[in-house]
Amino acid sequence: MSTRGLVVTDLRVAVAGNEILKGINLTVEPGRVHALMGPNGSGKSTLAFTMAGHPGYEVLSGSVTLDGEEILGQAPDKRAKAGLFLSFQYPAAIPGVSVANFLRTARQSVRPDDLTPAKFRALVFEKLDALDMDSAFLGRYVNDGFSGGEKKRLEMLQMAILAPKYAVLDETDSGLDVDALQAVGQSAQSLRATPEGADMGFLVITHYPRILKHLPADVVHVLVDGRIVKTGGPELADQIEREGYDKIRDEVAAASV
Amino acid sequence: MSSDTLDALAFAPTKAALEDAISYLGDAGTDSGSAVSADARRAAFARFETLPAPGDRPNRGWRHDYAKLKFDDLRWSSERMTIATLPSRPRPVASNTDELDLSIDQPALATENAGGLFHLGSTFLDHPKSGATDARVTVMPLSDALRAHPELVQSAAGTVAKRGDKFTALATAFQNCGAFVHVPAGVQLDAPIQLVFAHDGDDAAVFPHIVVVLGDGARATVIERHEGEADAFICGIVDVVTGANARLDYVAVQRAGEGARSMMTRAARSGRDAVVAFHIAELGGVLVRSVVDAELDAEGARAETSALFFNTGFQHVDLVTETRHAVGNTTSDVVVRTAASDRGQGRFHGNIIIEPKAHGSDASLRDDALLLSKGSHIDSVPALEIAANDVKAFHGATVGSLDADALFYASSRGIPRGEAVRMIALAFFEPAISRFPGDALRDEVRTALDRKIDTATDLDA
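Parameters and conventions
Residues numbered from 1 in each chain as written. Chains lettered and ligands numbered in written order. Predicted model: local features only at pLDDT ≥ 70, side-chain atom pairs only at ≥ 80, totals over all residues. Heavy atoms only, no water. Helix = DSSP H or I, 4+ residues; strand = E, 2+ residues; numbered from the N terminus. Buried < 20%, exposed > 50% of the residue type's maximum accessible area, 1.4 Å probe, protein only. Areas by Shrake-Rupley, 256 points an atom, 1.4 Å probe, with all protein chains shown as cover. Lys, Arg positive; Asp, Glu negative; His and termini not counted. Charge placed at Lys NZ, Arg CZ, Asp CG, Glu CD. Contact = heavy atoms within 4.5 Å. Buried area = accessible area lost by both parts, 1.4 Å probe. Salt bridge = Lys/Arg side-chain N within 4 Å of Asp/Glu carboxyl O. Axes fitted to C-alpha atoms, helices over the stretch in contact; angles between N-to-C directions. Left-handed = near helix turned anticlockwise from the far one by under 90°. Nonpolar A, V, L, I, M, F, W, Y, C, P; charged D, E, K, R; others polar. Arc of directions from axis to C-beta. pLDDT = per-residue confidence, 0-100. Expected span 1.5 Å × (residues − 1). Phe/Tyr/Trp six-rings, centres within 6.5 Å; stacked < 30°, edge-to-face > 60°. Lys NZ or Arg CZ within 6 Å of the ring centre and 35° of its normal.

Novice: Sorry if this is basic, but what is going on with the overall build of chain A here?
Specialist: A tally of regular secondary structure across chain A gives 8 helices and 12 strands. Within chain A, the proportion of its 257 residues that are buried is 53%. Total accessible area on chain A is roughly 11,000 Å²; 51% of this is exposed by carbon and sulfur atoms. Taking the 27 positively charged and 33 negatively charged side chains of chain A as two groups, their mean positions are separated by 2 Å.

The following block contains the structure:
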């Protein structure tokens, strides 16, 4: 069995003593788009933050491996170097640090000295263009005074610049208008069309299926109350759009009786 | 003059030492080069003896108490000479000009200057070598200026003394060096004027008095620098006066040795519709008191102050700003960023006073403090005294640690925690740094702060 993939095994996680994730098993395959859907409070963001190494989440048991390498217990920056990227639902502002400086420092940390300054600059401008972002962005402070749409575009810009192996998109669609949503979807798609992005695996965490119109999922997982209760193809997202989460909840409740 | 007098005079704040100083320096206006008369020195010394030490109630966890300042083993002089006549001395580095230059950060002086003065401790040496002096401006030792331009000097000297405290009295009593800058009406300078104090000898007592006069419509940047590794005792006064519609950016970059003590009071009076902007970076020293007084007594005058300190190790810095709106339609804007790591301590006292006649004044005071370790401490004490109606006065203050969300965010992008701490901590100073004039100066301050982060041993916050 191949060890490739972002593999979550029996993951149990508590926040402030409350168990939120109650045994998650999930594999994000290279080159594929997995959607993780679930109602509010089901534990979606907890999974995202736990994968990225947020210190506020206590892992009770389980493992997360990235192409065979255990990443739980590693510092957040090590996980990023291993190839993990988290697009934040609420990206933090860093007043005083320009976007340009931040991008350069991040790229240099994840992939030291692999680009000349000129090539790095060219890459940034190419990706800005693809995201329909103005170069004035580069001089602004990271997420400082950004609108919701600007923040999400900056997340996508960072993803494109860092070119990770696996990207977890936590509610990247929330608060976006149609244009921004389309830009996000296109950005991910165009990244997948490049040689280095072709193998990228995505975990798209979302409450509503609308982002999946722009970034179609190959596999859909449904998270309810800290457990993956259902996994299926794209049609599962359509079903949720029609029926909401209640029907799936009922099915799960019936099955567990 | 023989070279052995340079190191011979012991300094102590005593009457006997004062009389020694007077007989050594002579009276003002004579060839001796003193800028203060004997009587003025005696009067100032009397004030020094009777005035209370600044600072608040002791024993609140502060390591330093101004009332218990020790002056042991200090020595001083006021000998004037040029580089050509500088005697060889075994200990200090300044035995020749090449070595002297090595003790100073070159990038800081490599910029084009409109003029400047170079002091080794209290000893006036020369004009900085780089950059020719702009013929339109006057930059000279204060004692020379007192003879050459007595009215101009008198028009400005005493701005500080009006509200002097114990240390300004001490500075006047023992004044042993100084600079005079005059930018005549209408002259607008692109390059800065640099006043450099290289502190080369430990335990040197340096009492500078700097007087800056700008005529109507003049525009200038003056940079006062304190450089060098030595643990000097610096106690001085800066008096600034501008004419109408002038703009002065007055910068002070203090990077004295890690055992140095510095007590500087800088005060300005602006003319009608003039702007005086102070930019203060207190980076060196173990005990530093830095006072900025802005007096707005002409309609339309504006005072801007940006100030910062970053106390590492056992540093203690007190920063005091007082902005007085004496007449109407005056504006002020104070931005202060302070940080401490290790066992660093600091206080910021920011006062805004709006006097009864100052209707239509607009004052803003913003100070933020960043604590980078559990052993560090910063007090922020802003105060607004408003006696006029129809004024705008804003004041905001925070004391906090590094934003954990920002740290995690940066880490999640692959930036190691130490780098993220550095990046976010340095960025914290930007609102103050970005107001400093000129890219070179801003980068210099950033670099200095970056080096301070390297020396910080405790960044556990």
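Novice: Would you explain the interface of chain A and chain B in this entry?
Specialist: Frequently, the measure chosen for interface size is the accessible area that the parts lose on association. Taken together, the contacts link 32 residues of chain A with 17 residues of chain B. Both sides of the chain A and chain B interface together cover about 1,700 Å² of buried area, and 70% of this is carbon and sulfur. Between chain A and chain B we count 1 salt bridge in total. Of the charged contacts in the structure, one is a salt bridge between Arg413 of chain B and Glu155 of chain A, with a shortest N-O distance of 2.6 Å.

Novice: Honestly, unusual backbone geometry in this entry has me stumped. Any pointers?
Specialist: Peptide bonds are mostly trans, and most non-glycine residues show a negative phi. One non-glycine residue, Asp225 of chain A, lies in the positive phi region at around 50 degrees. Along the polypeptide, Asp225 of chain A turns up in the loop between strand 11 (219–224) and strand 12 (227–232). Of note in the backbone geometry, Asn245 of chain B takes a positive phi value of approximately 55 degrees without being a glycine. Along the chain, Asn245 of chain B turns up in the loop between strand 11 (233–242) and strand 12 (247–254).

Novice: Explain the packing of helix 3 (residues 99–110) of chain A against helix 4 (residues 117–130) of chain A to me, please; I cannot follow it from the model alone.
Specialist: If you want to describe how two helices pack, look at the angle between their axes and the distance between the axes. All names here are of chain A. Between helix 3 and helix 4, whose axes approach to 12 Å, the crossing angle comes to 115 degrees. Viewed along their axes, helix 3 and helix 4 form a crossing whose handedness is right-handed. Along the contact surface, helix 3 presents Leu103, Arg104 and Arg107, while helix 4 presents Phe120, Leu123 and Val124. Residue classes in the contact of helix 3 with helix 4 are distributed as 4 nonpolar, no polar and 2 charged.

Novice: What exactly am I supposed to notice about helix 2 (residues 15–25) of chain B here?
Specialist: Residues and elements named next belong to chain B. Here helix 2 has its buried residues at Ala17, Leu18, Ala21, Ile22 and Leu25. The buried residues of helix 2 occupy one face: seen down the axis, they fall within an arc of 140 degrees. Opposite the buried face of helix 2, at more than 90 degrees from it, the exposed residues are Lys15, Ala16 and Ser23. Against the buried residues of helix 2 lie helix 3 (38–50) and helix 8 (166–174). Following helix 2 by one or two positions, Gly26 has its phi on the positive side, about 80 degrees.

Novice: What am I meant to see in the confidence of the model for chain B here?
Specialist: Interpretation of the predicted coordinates at a detailed level should be avoided for regions scoring low in pLDDT. Residue and element names in this part refer to chain B. Mean pLDDT over chain B works out to 85, with 85% of the residues at or above the 70 mark. In this model, residues 1–8 is a region of pLDDT below 50 whose contacts with residues beyond four sequence positions or in other chains number 16 contacts. In the model output, the complex is listed with pTM 0.89 alongside ipTM 0.96.

Novice: How do you make sense of helix 6 (residues 178–192) of chain A when you look at a structure like this?
Specialist: Its 15 residues give helix 6 of chain A an end-to-end C-alpha distance of 21 Å, which sits within 8% of 21 Å, the value for a rise of 1.5 Å per residue. Three or more residues of helix 6 of chain A are buried, namely Ala180, Leu181, Ala183, Val184, Gly185, Ser187, Ala188, Leu191 and Arg192 of chain A.

Novice: Could you clarify how one ought to interpret the packing of aromatic side chains in this entry?
Specialist: Any pair of aromatic rings gets described here by the distance separating the centres and the angle formed by the planes. All names here are of chain B. In the structure shown here, the tally under the stated rule is 19 aromatic pairs over all chains. Between Phe174 and Phe207 the ring centres are 5.8 Å apart and the planes differ by 35 degrees, which places this aromatic pair in the tilted class. Of this pair, Phe174 sits in helix 8 while Phe207 sits in the loop between strand 8 (205–206) and strand 9 (208–214); the two residues are 33 residues apart in sequence, bridging distant segments of the chain. You'll find Phe174 and Phe207 in the same group, each marked buried. Ring geometry for Phe207 against Phe233: centres 6.2 Å apart, planes inclined by 65 degrees, an arrangement best described as edge-to-face. Of the two residues, Phe207 sits in the loop between strand 8 and strand 9 while Phe233 sits in strand 11, which places them 26 residues apart along the sequence. The same class applies to Phe207 and to Phe233, which are both buried. Site record: aromatic cluster; members linked through ring pairs are Phe11, Phe45, Phe48, Phe71, Phe174, Phe207 and Phe233. The cationic tip of Lys166 hangs over the ring face of Phe48; the distance from NZ or CZ to the ring centre is 4.5 Å.

Novice: I tried to follow the pattern of salt bridges on my own but got confused; where do I start?
Specialist: Where charged atoms from two side chains of opposite charge come close, those side chains can pair. Residue and element names in this part refer to chain B. The tally for this structure, following the rule as stated, stands at 42 salt bridges over all chains. As a salt-bridge pair, Glu444 and Arg225 come within 2.6 Å of each other at their nearest N and O atoms. Of this pair, Glu444 sits in helix 12 (residues 439–455) while Arg225 sits in strand 10 (residues 219–227), and the two are 219 residues apart along the sequence. Taken individually, Glu444 and Arg225 each receive the classification buried, so the pair is uniform in this respect. Between Arg442 and Asp439 there is a salt bridge, with its nearest N and O atoms 2.6 Å apart. On the criterion of helical spacing, the pair formed by Arg442 and Asp439 is a turn pair, its members being 3 residues apart in helix 12. Overlapping salt bridges bring together Arg247, Asp249, Arg302, Glu304, Asp333 and Arg435 as one network.

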